[in-house]
Amino acid sequence: MDLRRLLRKAVLQAALGLLGAMVLWPPAVPAQEEVTSSIRRYKQRELSTGYYEEYEVKPRRQRPRVRAPEVIRQFTPVTPYRPGAAMGAGVRSRLEDSHAGIQFYEQRRCEECHVTEATHSRTVRGNLTCRQCHGGEPIAGINYYYSPMNPIRRHAYVCAKCHEGASVSFATYLVHEPKAGDPATRKTFASLYYANWFMYLLIVGTLGFFILHTLFWMGRETYHAIREKRKPEPREEAPPQEPQNE
Amino acid sequence: MNDPVRIVRFSIFDRLFHVFIMVTFLIQAVTGMGRLLYTTAWGKGVVNLFGGYDGATAVHNTVGILMLIGFVIHIVYVLAKVEWKSWRRSLFDADSLLPRRRDVVHLGQKIRWFFGLGPPPAFDRWTYWEKFDYWAVFWGLPLLAVTGLPLMFPLAASRIMPGWVLNVFVLLHRAEALLAMLYIFIIHFTIGHFRRGMFPMNECMFAGSVELEKERKEKPLWIARLQEEGRLEEVMVAGPPRWYRVIYFVFGYSAVVVGLYLLLNLLIYRSYIEWH
């Protein structure tokens, strides 16, 4: 019985120690390499080979059931997904060479200038390079009429290189997602914005409530246990046990 | 040494479902978190256990489908369990897991008790937090399935929904999974096992039975009801054999250790979690 209590105490203290270490542990940031993308580092060599442009485009003959609001004009003006709303700022978006006249462009890597695009999960996790989608030089602006990225042909010219049978609907997936918590996203991608808020409140609400609930509960139980120990009651199961080294 | 009297709490099916959800949930948590934190050295290490990113994805997808099958089987089991002849009683009596008005009352009493303003609530068979545990899984699984399946088959999914819906689904899937992990690894573990009086391990979900005297304190109304209906003798069983206890102690504690390890790394690498 004595050993068991001791063991219990040891485990408890180890757990508390672990918890303390967890909180005090320095953040893992310094342990990480200081590169914009540790995954793409070795892929730089592939950049100029043009290898990825040799894929054939092979659209399947499937009638699209879902149409993209940006591509096919719709009668309803309200759509939940309107990338056009954020396009105003992109002055180079309609150029044939979106980097025309940008100094030192040749000497630099995509992720140095396009930092946010380079960290997006789709490109990082899929282990894709920018050029696999954006192609070789010159990189056309997204809205340049003859750009492979133009929404009217993006599905066939870009996505279908890897996703056989990609449809217009498929190509409306946003590879470079806007930040869901960003207020600007409410205009450009409302459903993402509200989904984010919904989940955020759900998580904070559920965890907040139950963590407080658990803490108060354990506090109360501890309080009762201490009080019970102070005045030994007759209905304790194992009476001859008080002289513990507490 | 005379063993304490024990009464049945969970049937063999209940326990099998619980073990099933434990194993599949932890596999999903490991493969999911490894990929979520793929940009970190830790994430890559975890993913490499499954043969790289693609391997982890394959495991995640397969186990996801298994979970879905398990969920369907569970629903069939639950529907078969209801006595449809007297469905009103069967669905809404105290043995049912459906929420009742009394659960809210109990919560209020419990909060009062936290501040020393009243006695603790007298529970029947299921307490409100146990019911919440059950229903949290019950709506979490469909949400994860509905968002996960389209991500597994994005091309097929884009034929019945616009592609940008997948962006929303990624977010929902991730957020729900994080919520589930945090809830299980913090709250479920604490209430179930780390609480005073439960500490080394709450064995009822593995043993299937509980000690009568302990339960008289925790859930007095249940015991009283059993006594009133004269069924107390009926539900008495022998305790679990020693070898079985050893097995589930090892199994249960491995699960807890995996969970806490994931929680630890979730906290350490929190700044790398891509929320959007």
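Right above here is the structure, for reference.
Below: a short report on this structure.

Criteria and thresholds
- Residues numbered from 1 in each chain as written.
- Chains lettered and ligands numbered in written order.
- Predicted model: local features only at pLDDT ≥ 70, side-chain atom pairs only at ≥ 80, totals over all residues.
- Heavy atoms only, no water.
- Helix = DSSP H or I, 4+ residues; strand = E, 2+ residues; numbered from the N terminus.
- Buried < 20%, exposed > 50% of the residue type's maximum accessible area, 1.4 Å probe, protein only.
- Contact = heavy atoms within 4.5 Å.
- Areas by Shrake-Rupley, 256 points an atom, 1.4 Å probe, with all protein chains shown as cover.
- Pairing = 2+ DSSP bridges.
- Disulfide = S-S within 2.5 Å.
- Phe/Tyr/Trp six-rings, centres within 6.5 Å; stacked < 30°, edge-to-face > 60°.
- Lys NZ or Arg CZ within 6 Å of the ring centre and 35° of its normal.
- Buried area = accessible area lost by both parts, 1.4 Å probe.
- Salt bridge = Lys/Arg side-chain N within 4 Å of Asp/Glu carboxyl O.
- Polar contact = N/O pair within 3.5 Å; in protein donor to acceptor, adjacent residues only side chain to side chain.
- Nonpolar A, V, L, I, M, F, W, Y, C, P; charged D, E, K, R; others polar.
- Patch = residues over 30% accessible without salt bridge, like charges linked within 9 Å, V, L, I, M, F, W, Y side chains within 5 Å.
- Lys, Arg positive; Asp, Glu negative; His and termini not counted.
- Charge placed at Lys NZ, Arg CZ, Asp CG, Glu CD.

Examining the overall build of chain A
No. 1: Looking only at helices and strands, chain A has nine helices and zero strands in total.
No. 2: Relative to its 246 residues, chain A shows a buried fraction of 30%.
No. 3: Considering only residue pairs separated by 6 or more positions, chain A has 55% of its internal contacts joining residues 24 or more positions apart.
No. 4: Summing over all exposed atoms, chain A offers an accessible surface of approximately 17,300 Å²; the carbon and sulfur share of this is 60%.

Overview of the sheet that holds strand E1 (residues 6-8) of chain B
Residues and elements named next belong to chain B.
No. 1: Spatially, three strands are ordered E2-E1-E3 in an open sheet, and the strand pairing comes out antiparallel. Unpaired on one side and paired on the other, strand E2 (209-211) and strand E3 (236-237) mark the two borders of the sheet.
No. 2: Pairing analysis gives two bridges linking E1 to E3, with the strands arranged antiparallel. Bridging across to E3, Arg 6 finds its partner in Val 237.

A look at the state of the cysteines
No. 1: Scanning all chains against the criterion turns up zero disulfides over all chains.
No. 2: Counting only cysteine sulfurs, A:Cys133 is the nearest neighbor of A:Cys162, a cysteine outside any disulfide, at a range of 6.8 Å.

Examining the packing of aromatic side chains
No. 1: One pass over the structure, following the stated rule, counts 32 aromatic pairs over all chains.
No. 2: Here the aromatic cluster, defined as three or more aromatic residues joined through ring pairs, consists of B:Phe206, B:Trp243, B:Tyr244, B:Tyr248, B:Phe249 and B:Phe251.
No. 3: A cation over a ring is seen here: B:Arg9 above B:Trp222, with NZ or CZ 5.3 Å from the ring centre.
No. 4: Lying across the ring of A:Trp217, B:Lys110 places its NZ or CZ 3.8 Å from the centre.

Topic: the interface of chain A and chain B
No. 1: Between chain A and chain B, the residue contacts involve 57 residues of the former and 57 residues of the latter.
No. 2: With both chains or domains summed, chain A and chain B bury close to 5,600 Å², and 70% of this area falls on carbon and sulfur atoms.
No. 3: Linking chain A with chain B are one salt bridge, by the criterion used here.
No. 4: In this structure, the salt-bridge partner of A:Glu221 is B:Arg195, at a minimum N-O distance of 3.6 Å.
No. 5: Across the chain A-chain B interface, the total number found is nine residue pairs in polar contact (both at pLDDT 80 or more).
No. 6: Breaking the side of chain A that touches chain B down by element, the ones donating at least two residues are helix H1 (2-24), helix H4 (121-125), helix H7 (168-171) and helix H9 (190-230) of chain A.
No. 7: In terms of residue count, H9(A) provides more of the side of chain A that touches chain B than any other element does, 22 residues in total.
No. 8: By residue class, the composition of the side of chain A that touches chain B is 30 nonpolar, 18 polar and nine charged.

Overview of a positive patch on the surface
No. 1: Side chains of A:Arg4, A:Arg8, B:Arg196, B:Lys214 and B:Lys217 sit close together on the surface and give a patch of like positive charge.
No. 2: Elements that contribute at least two residues to the positive patch include exactly H1 of chain A together with helix H10 (212-218) of chain B.
No. 3: Within the secondary structure layout, A:Arg8 lies in helix H1.
No. 4: You can call A:Arg8 partly exposed: its relative accessible area is 39%.

A short note on the pattern of salt bridges
All names here are of chain B.
No. 1: For the coordinates displayed, the defined rule picks out 13 salt bridges over all chains.
No. 2: Residues Glu 213 and Arg 216 are paired through a salt bridge, measuring 3.4 Å at the closest nitrogen-oxygen approach. Residue Glu 213 and its partner Arg 216 are located together in helix H10, separated by three residues, close to a single helical turn.
No. 3: Among the salt bridges present, the one from Glu 215 reaches Lys 219, with a minimum N-O distance of 3.5 Å.
No. 4: Three or more residues are tied together by salt bridges with common partners; here these are Arg 102, Asp 124, Arg 225, Glu 229 and Arg 231.

A look at a nonpolar patch on the surface
No. 1: Residues A:Phe209, A:Ile211, A:Leu212, A:Leu215, A:Phe216, B:Ile111, B:Phe115 and B:Leu117 make up a contiguous nonpolar surface patch of roughly 740 Å² in combined accessible area.
No. 2: Of the residues forming the nonpolar patch, the biggest block, five residues, is contributed by H9(A).
No. 3: Relative to the assigned elements, A:Leu212 resides in helix H9.
No. 4: For A:Leu212, a relative accessible area of 49% puts it in the partly exposed group.

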